[in-house]
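Letter by letter, the chains look like this.
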Amino acid sequence: MAAFLSSIKERVSITGQPLWRPKLIRKKFLIFSILFVVLILAPIVLNQYYNYLLKSRSTQESFQIFIIKPGQPIAQIAKNLEKAGLVKNALAFRLLVAQMGIAKNIQYGDFRLSPNKTSREIAQELTHGAIDVWVTLPEGMRVEQQADLIESKLKVSSNDKYQFDKKEYIKLAQEGYMFPDTYLIAKDAAAKDIVERLRQTFDEKVAKNLLVTSSGLSEDEIVILASLIEKEAKSDEERSTIAGILLNRVDVGMALEVDATVSYAKGYDSANNTWWIRSAASPAQTDYFYYLHDSKGQIHYAKTVEEHNKNIQDFL
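Residues numbered from 1 in each chain as written. Predicted model: local features only at pLDDT ≥ 70, side-chain atom pairs only at ≥ 80, totals over all residues. Heavy atoms only, no water.

Draft legend 1. Main features of the packing of aromatic side chains. Tallying each qualifying case throughout the model produces 4 aromatic pairs. Between F164 and Y169, the aromatic rings sit 5.9 Å apart at their centres with planes inclined by 55°, giving tilted as the arrangement. Classification of F164 as buried rests on a relative accessible area of 5%. By relative accessible area, which is 0% here, Y169 ends up buried. Measuring from centroid to centroid gives 4.9 Å for Y177 and F202, while their planes differ by 65°, and the two rings are edge-to-face. Taken as a pair, Y177 in the loop between α7 (166-172) and β4 (182-186) and F202 in helix α8 (residues 191-205) lie far apart in primary sequence, 25 residues in all. Taking the relative accessible area as the measure of exposure, Y177 reaches 5% and is therefore buried. (Phe/Tyr/Trp six-rings, centres within 6.5 Å; stacked < 30°, edge-to-face > 60°. Buried < 20%, exposed > 50% of the residue type's maximum accessible area, 1.4 Å probe, protein only. Helix = DSSP H or I, 4+ residues; strand = E, 2+ residues; numbered from the N terminus.)

Draft legend 2. Spotlight on helix α4 (residues 90-100). Of the positions making up α4, those classed as buried are A90, A92, F93, L96 and V97. Along α4, the residues classed as buried sweep out an arc of 160° about the axis, all on the same side. Exposed and facing more than 90 degrees away from the buried side of α4 are L91, A98 and Q99. Structurally, the start of α4 carries an N-cap: the backbone nitrogen of L91 is 3.0 Å from a side-chain oxygen of N89. (Arc of directions from axis to C-beta. Polar contact = N/O pair within 3.5 Å; in protein donor to acceptor, adjacent residues only side chain to side chain.)

Draft legend 3. How the structure looks around the sheet that holds strand β3 (residues 130-136). What the 4 strands build is an open sheet, ordered β1-β2-β3-β4; its pairing is antiparallel. Edge positions in the sheet fall to β1 (64-68) and β4, since each has one partner strand and no second. Neighbour-to-neighbour, the strand axes of this sheet turn through a mean angle of 25°, independent of strand direction. Bridge count for strand β2 (residues 109-113) against β3 is 3 bridges, and the pairing is antiparallel. By the bridge assignment for β3, F111 is matched with A130. The sheet strands contacting helix α6 (residues 143-154) are β3 and β4, and the helix crosses β3 at an angle near 150°. (Pairing = 2+ DSSP bridges. Axes fitted to C-alpha atoms, helices over the stretch in contact; angles between N-to-C directions. Contact = heavy atoms within 4.5 Å.)

Draft legend 4. Representation of α8 in the model. Over its 15 residues, α8 extends 21 Å from the first C-alpha to the last, a length consistent with the 21 Å expected when each residue adds 1.5 Å. Within the span of α8, buried status applies to A191, I194, V195, L198, R199, T201 and F202. Looking straight down α8, one finds its buried side chains confined to an arc of 150°; they lie on one side. (Expected span 1.5 Å × (residues − 1).)

Draft legend 5. Looking closely at the environment of T201. Relative to the assigned elements, T201 resides in helix α8. T201 gets classed as buried once you look at its relative accessible area, which sits at 9%. Not counting the four nearest positions on each side in its chain, T201 is found in contact with F179, D181 and Y183.

Draft legend 6. Main features of the pattern of salt bridges. Following the criterion strictly, the structure yields 7 salt bridges and no others. The partner of K166 in a salt bridge is D148, with the nearest N and O atoms 2.9 Å apart. Placement of K166 in helix α7 and of D148 in helix α6 is noted, with a sequence separation of 18 residues between them. Taking relative accessible area as the criterion, K166 reaches 26% and is therefore assigned partly exposed. (Salt bridge = Lys/Arg side-chain N within 4 Å of Asp/Glu carboxyl O.)

Draft legend 7. Spatial organisation of a nonpolar patch on the surface. A cluster of nonpolar side chains, contributed by I31, L35, L39, I40, L41 and I44, occupies part of the molecular surface with about 530 Å² of accessible area. Locating L35 in the fold gives a position in helix α2 (residues 21-53). (Patch = residues over 30% accessible without salt bridge, like charges linked within 9 Å, V, L, I, M, F, W, Y side chains within 5 Å. Areas by Shrake-Rupley, 256 points an atom, 1.4 Å probe, with all protein chains shown as cover.)

Draft legend 8. The confidence of the model for the protein, seen in detail. Scored by pLDDT, the protein comes out at a mean of 80, with 78% of its residues at no less than 70. Within the model, pLDDT remains below 50 along residues 261-276, and this stretch shows 49 contacts once partners closer than five positions in the same chain are excluded. (pLDDT = per-residue confidence, 0-100.)

Draft legend 9. Representation of the environment of Q200 within the structure. Mapped onto the fold, Q200 is located in helix α8. For the pair Q200 and M178, spaced 22 residues apart in sequence, the C-alpha to C-alpha distance is 8.7 Å.

Have a look at this one:
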């Protein structure tokens with residue numbers, strides 16, 4: 001018992017306070033310091049670093065053209081901006097766009113940007129500062145439909161350089177030669193400029209030897225024939241045969257009797273990596289004058305109207 005009391009006395013200071021209390025206080029202070037750093041200082045430091053990442057990458061004004069393609073997600077846009085040296089950090093830029101709530105307002109097209117702009121300034125520029133606008137012209141459109149589509153893409157409130165004349169486009173456009181594709185069109189493009197651009201694309205993508213045929217058809221007639229084949233056929237083999245059938249009808253003075261009256265052919269079938277015009281220029285030699293597709297899409301040919309009527313009864 002005496003030994004126990006002696007040990008207690010050793011743990012008591014002159015003031016009567018336990019000697020281990022300072023250690024407990026130091027431990028609590030350490031825990032408090034850690035919590036202070038984690039809960040108070042860390043967010044401040046992270047916020048300062050985040051703001052640093054949003055600052056401009058350079059003090060020098062040097063412009064470059066940055067392109068955003070249709071359907072490109074904001075994550076890819078941010079990566080491309082970082083790769084181009086226009087922003088410091090892709091993730092920080094994505095967080096900024098989300099914070100600003102402008103993700104849906106970012107335009108497609110090309111932009112004239114400089115690394116001396118902050119990420120916020122660049123983000124705002126992407127919502128209205130496109131130099132050119134992406135315009136996709138699907139196959140099978142009449143020139144009037146193309147004119148409407150081009151007008152809808154260019155005639156927007158953010159385009160103060162608009163000068164496209166729809167009536168002029170319809171007047172100048174060559175039906176069948178306005179190549180359907182996806183284009184970057186300048187906001188201040190005139191109808192004449194766009195017509196020339198589409199015709200030039202046709203000339204570049206449709207080889208001249210495809211517009212020469214032993215059938216004696218002119219270039220214009222081949223394009224017209226190709227436009228009919230586009231909707232009538234479902235495969236390369238069918239296209240060539242149907243081209244031959246239509247030419248047989250022309251040779252004997254028959255009416256074409258083709259339901260498909262689309263304005264013009266797409267020309268290039270990306271799925272099969274081939275030119276539809278090729279079928280029009282190189283029709284198959286055939287004795288058939290008639291054809292039809294059944295409910296399953298299978299084609300049936302006939303040499304005479306009697307055979308054709310029987311196919312109608314059997315397959316339709």
